[in-house]
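Fold and geometry: a report
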Amino acid sequence: MRPFSPPPFRPDRLIRGGHLQTIASLRSTREKIGIGQQHVVQLPDGDAIVLHENASVDGRDFGGREFGSSNQADRSIVLFHGLSGCHGSPYMVRLAARLSRTGWRVYRVDMRGCGAAWELSRELSHAGRSEDVLAAIDFVARRNPTSQLAAAGVSLGGNQLLRFAGRIGAGLDSQPEWFHRLDRIAAVAPPIDLLRCSENMGRFSRRIYNYYFIRSLFDSIAPRVRERESFQRLVAGRRPKTLFELDDRLTAPLSGFGGAEDYYRQCGATSVAADNPVSTMVLASNDDPIVPVDCFKNPDWPATTDVILTETGGHAGFIGRGRTHWMEDCLVAWMNRL
């Protein structure tokens, strides 16, 4: 492949700084995409994730059969959302619509307890669910046995994706037979150093983000998780006030980790970043208020990984002039480069 040169990023003049860029990214989108076909993918532990498939806008139906002439290659991409997100999150819809228009068959994933998978899970989704990433891509690879494969993850989904690729490269997980078809991946603002991110979120200036994430997480906990006696016991009393406290009291014990620090150590992608063999783009901003930029300066990135750091953009914001979405511009350019 040719060296990647991202399109120039010219931030919106009125949306200045990381906080405003982050908040602006949450607004609803005018982009539209069809409902598509829904697939429930069973996981080995009995839980399930849900994939939402949209055909490429080039004459193919969902199974890849031709209804019209097309010069596009057979290409399928899997998209993973961030914390408290789902297939309908604005960035997921925008990115799926853009990619489908450039010839990609797109699968948007609802991870455990999210979106259409909300009622299907007894276990929590968390930063280390790289086995769920594997299950999603494996389904797509088997459904499309001749397709070139790609994947992209935003925020927590980016960490899960990088952990998936790095663990396979390090020999910690078995390499699937289709792995050679996974041509490229991308991660936007991934919290690869979970301890560093947790420490950052513990700062007084980040209290609004703590409040937002804790409220969102509690409000969206799947009913089958709430029914667990262990969950009810762990949430007795006041709600956690920080993400570290939430992970220490809830995420870690419910997921089999020995506390928050053990969870962070095992699940952050930074420990396997150097072993990732897949052509990868990591996109982040110097003024991200949630994932500190120094997270991306510590790993020993392999030659297969391009790390792109912008001066501004917030946390997966990257709002350009005219309220455009440069993040999607960059990801689409990366996925379509020769």
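What comes next is a walk through the structure. (Residues numbered from 1 in each chain as written. Predicted model: local features only at pLDDT ≥ 70, side-chain atom pairs only at ≥ 80, totals over all residues. Heavy atoms only, no water.)

1. Re a positive patch on the surface
A cluster of basic side chains, namely Arg10, Arg13, Arg16 and Arg321, defines a positive patch on the protein surface. Inspection of the secondary structure assignment puts Arg16 in the segment before helix H1 (17-24). Look at Arg16 and you get exposed, because its relative accessible area is 60%. (Patch = residues over 30% accessible without salt bridge, like charges linked within 9 Å, V, L, I, M, F, W, Y side chains within 5 Å. Areas by Shrake-Rupley, 256 points an atom, 1.4 Å probe, with all protein chains shown as cover. Salt bridge = Lys/Arg side-chain N within 4 Å of Asp/Glu carboxyl O. Lys, Arg positive; Asp, Glu negative; His and termini not counted. Charge placed at Lys NZ, Arg CZ, Asp CG, Glu CD. Helix = DSSP H or I, 4+ residues; strand = E, 2+ residues; numbered from the N terminus. Buried < 20%, exposed > 50% of the residue type's maximum accessible area, 1.4 Å probe, protein only.)

2. Considering unusual backbone geometry
One non-glycine residue, Ser84, lies in the positive phi region at around 65 degrees. Tracing the chain through its elements places Ser84 in the loop between strand E3 (75-80) and helix H2 (90-101). Accessibility expressed as a relative area gives 33% for Ser84, which makes it partly exposed. Even without a glycine there, the phi angle at Phe318 is positive, about 55 degrees. With respect to the helices, strands and loops of the structure, Phe318 is situated in the loop between strand E8 (305-310) and strand E9 (319-320).

3. Quick word on the pattern of salt bridges
Applying the stated criterion to the full structure yields 20 salt bridges. Salt-bridge contacts for Asp12 lead to Arg323; the nearest nitrogen and oxygen are separated by 3.0 Å. In this pair, Asp12 is assigned in the segment before H1 and Arg323 in the loop between E9 and strand E10 (324-325), connecting sequence segments 311 residues apart. The class of Arg323 is partly exposed, set by a relative accessible area of 40%. What emerges from the salt-bridge pattern is a single network uniting Asp45, Asp47, Arg112 and Asp132.

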